[in-house]
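# A closer look at the structure
This is what each chain is made of:
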Amino acid sequence: MLSHTKLIELAERFDTPLYVYDAEKIAEQYRKLSTAFSACNARFFYACKALTNINILAYISSLGCGIDCSSINEVKLALYAGVPPQKILYTSNGIAFEEIAEAAQSGVHINIDSLSNLEKFGKRFGNGYGVGVRLRPNILAGGNLKISTGHEKSKFGIPIDQLDGLKQIVSQFNIKITALHIHTGSDIKDADVFVQGIKVLSELVSHFPDLTVIDLGGGFKVPYEPEDEETDIALIAKKLASYVDSHLSANGKKYELWFEPGKYLVSECGYLLTQVNVIKDNGAQVFAGVNSGLNHLIRPMMYDAYHHIANISNTHADEKAYTVTGYICETDTFATNRLLHEVREGDYLVFYNAGAYGFEMSSNYNSRLKPAEVLLKDGEALVIRKRDEFEDLLKSQIKLL
Ligand SMILES: *Cc1c(COP(=O)(O)O)cnc(C)c1O
């Protein structure tokens, strides 16, 4: 974890609000995954919707990790960042077929998530382009319903009970199904959810002779609250390896296991540095209002997510309870009655776990400017995105009146 001194130095040098990412932490997380799964035939594709800065994509690719994309623009960003197509995976959802066709043009791996698009794919490509299918395993897992994607009411994937329809399309167009994919949700720490997932898929492998990949998606939980335990990746790997050995090696075929970690790779590397604009004591609560808001970090308001906060400017003072809010003209509470070292106007507050779905979900709401992003790598602080300027708000607007 970056020291308070380092964070203050960065805040002073680059101003706030500021997103900071620590490259070494990303590498450490990737090492944990690849070490844990070294006995499996595993490959990892970073689910880049968590954080798409092209330097992050290039860095993660340089570690040996692939990139998983959820839009054609993410595919293009990964290509632009220098990631080779065979290391890019496009797991599509609810998209126009043209995007799938465009992705196929660039030669990336593709997971298709509807029978309708699979049929169009078959018509266009026949058996000339191996493809994966995203299935819906009917498993309820994940931190909360908004981030659960594998259950029976979820829009994601082809429901496994439509296997007959799927097989019919595959045989009609002679489609080469090379991968079966599921992604059950986010914030999963229970190894058994992954075992349940591979169980569902392993019952289907016999229907797909061209299959080489079992893709179990992402969703590995990371600690957000101080008392949260680290997800036991080694245990997940061990359970999956033993399942593969006993259930999937019968015909001598060795499947690759693919994973798409997002949060796991980039959540903890990130810090949102803010500064306190206003202290307001309304009797019942003391508000600490920072120079940021849900426009920069929406997870607390969107998912009731907990982000650890520290006052790094006054660490020796006594703790008091503060409700930390933003400067947006709508309720944008980051934390309610949170114990922080006494907060004064001008103090720096840091939000932890800000790497995943932080900057990426930011907006210009209230015509506020997006923060700069800094990547710490090999002892250097690299500005990988400039802070927005006022002109950016006007960039795409057309003044006609
Ligand atoms: C979002 C997503 C992921 C990553 O989820 P995390 O919880 O960030 O690990 C992986 N795969 C797919 C298909 C996704 O949509």
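Just so it is clear, the model here is predicted, and its values are computed rather than measured. Sequence positions are assigned chain by chain, starting from 1 and proceeding in written order. A pLDDT threshold of at least 70 governs which residues receive local features in this predicted model, and a stricter bar of 80 or more applies before side-chain atom pairs are shown or counted, although totals over entire chains, interfaces and linings include all residues. Here the side-chain values reflect all heavy atoms present in the structure, with hydrogen atoms and water set aside.

## Observations concerning the overall build of the chain
When helices and strands are tallied, the chain shows 12 helices and 18 strands. Radius of gyration here uses only the C-alpha atoms, and the compact-globule reference equals 2.2 Å multiplied by the residue count raised to the power 0.38. A compact globule built from 401 residues should have a C-alpha radius of gyration of about 21 Å, and the chain, at 23 Å, falls within 12% of that. Principal-axis analysis of the C-alpha atoms gives the chain an extent of 65 × 55 × 40 Å. Taking contacts inside the chain between residues at least 6 apart in sequence as the whole, the part at least 24 apart equals 69%. In these tables, accessible area is a Shrake-Rupley quantity obtained with a 1.4 Å probe, and a residue counts as shielded only by the protein chains included in the view. Accessible area for the chain stands at about 17,800 Å²; split by element, carbon and sulfur atoms hold 49% of it. A distance of 5 Å separates the average location of the 40 positive side-chain charges in the chain from that of its 49 negative side-chain charges. Helix and strand definitions here come from DSSP, where helices need a minimum of 4 consecutive H or I residues and strands a minimum of 2 consecutive E residues; each element is numbered from the N-terminal end. A contact between two residues is defined here by any heavy atoms of the two lying within 4.5 Å. The positive count covers Lys and Arg only, the negative count covers Asp and Glu only, and His and the chain ends enter neither. Charge coordinates come from a single atom per side chain, which is NZ of Lys, CZ of Arg, CG of Asp or CD of Glu.

## With respect to the site of the ligand
Throughout, near means a residue has at least one heavy atom within 4 Å of the molecule or strand. In the neighbourhood of the ligand, 15 residues make up the surrounding shell, with K49, S186, E260, K263 and Y357 lying closest. Counting of polar contacts relies on pairs of N or O atoms within 3.5 Å, with two restrictions inside protein: one atom must be capable of donating a hydrogen and the other of accepting it, and residues adjacent in sequence are counted only when both atoms are side-chain atoms. A distance of 2.6 Å separates an oxygen atom of the ligand from a polar atom in the side chain of Y357. When isolated, the ligand has an accessible area of 390 Å², and the protein chains bury 93% of it. Split into classes, the residues belonging to the shell around the ligand amount to 3 nonpolar, 7 polar and 5 charged. Think of it as three bins: nonpolar holds Ala, Val, Leu, Ile, Met, Phe, Trp, Tyr, Cys and Pro, charged holds Asp, Glu, Lys and Arg, and polar takes everything else, Gly as well.

## With respect to the packing of aromatic side chains
Here is the rule: rings of Phe, Tyr and Trp (six-membered ring for Trp) pair when centre to centre is within 6.5 Å. Planes less than 30 degrees apart are stacked, more than 60 are edge-to-face, and the remainder are tilted. Summed over all chains, the structure comprises 15 aromatic pairs. Consider the rings of Y30 and F44, whose centres lie 6.1 Å apart with planes at 85°: the pair is edge-to-face. Taken together, the residues span a long stretch of sequence, with Y30 in helix α2 (residues 23-36) and F44 in strand β2 (residues 42-47) at a distance of 14 residues. Note on classification: 1.4 Å probe, protein chains only; a residue is buried when its accessible area is under 20% of the maximum for its type, exposed when over 50%, partly exposed between these limits. Residue classification places F44 among the buried residues on the basis of a relative accessible area of 6%. With 4.7 Å between their ring centres and 35° between their planes, F121 and F125 make a pair best called tilted. With F121 and F125 both in helix α6 (residues 115-125), this residue pair falls 4 residues apart, about one helical turn.

## Brief notes about helix α8 (residues 191-202)
Note: α-helices contain 3.6 residues per turn, so residues at a spacing of three or four share the same orientation. A helix's residues, less one, multiplied by 1.5 Å, set its expected span. In this model, α8 (12 residues) spans 17 Å end to end at C-alpha, consistent with the 16 Å of a helix rising 1.5 Å per residue. Listed in full, the buried residues belonging to α8 are A191, V193, F194, V195, G197, I198, V200, L201 and S202. Against β6 (131-136), β8 (177-181), β9 (213-215), α9 (233-247) and β10 (256-259) lie the buried residues of α8. Of the residues that open α8, the one with a side-chain oxygen 2.9 Å from the backbone nitrogen of D192 is D190.

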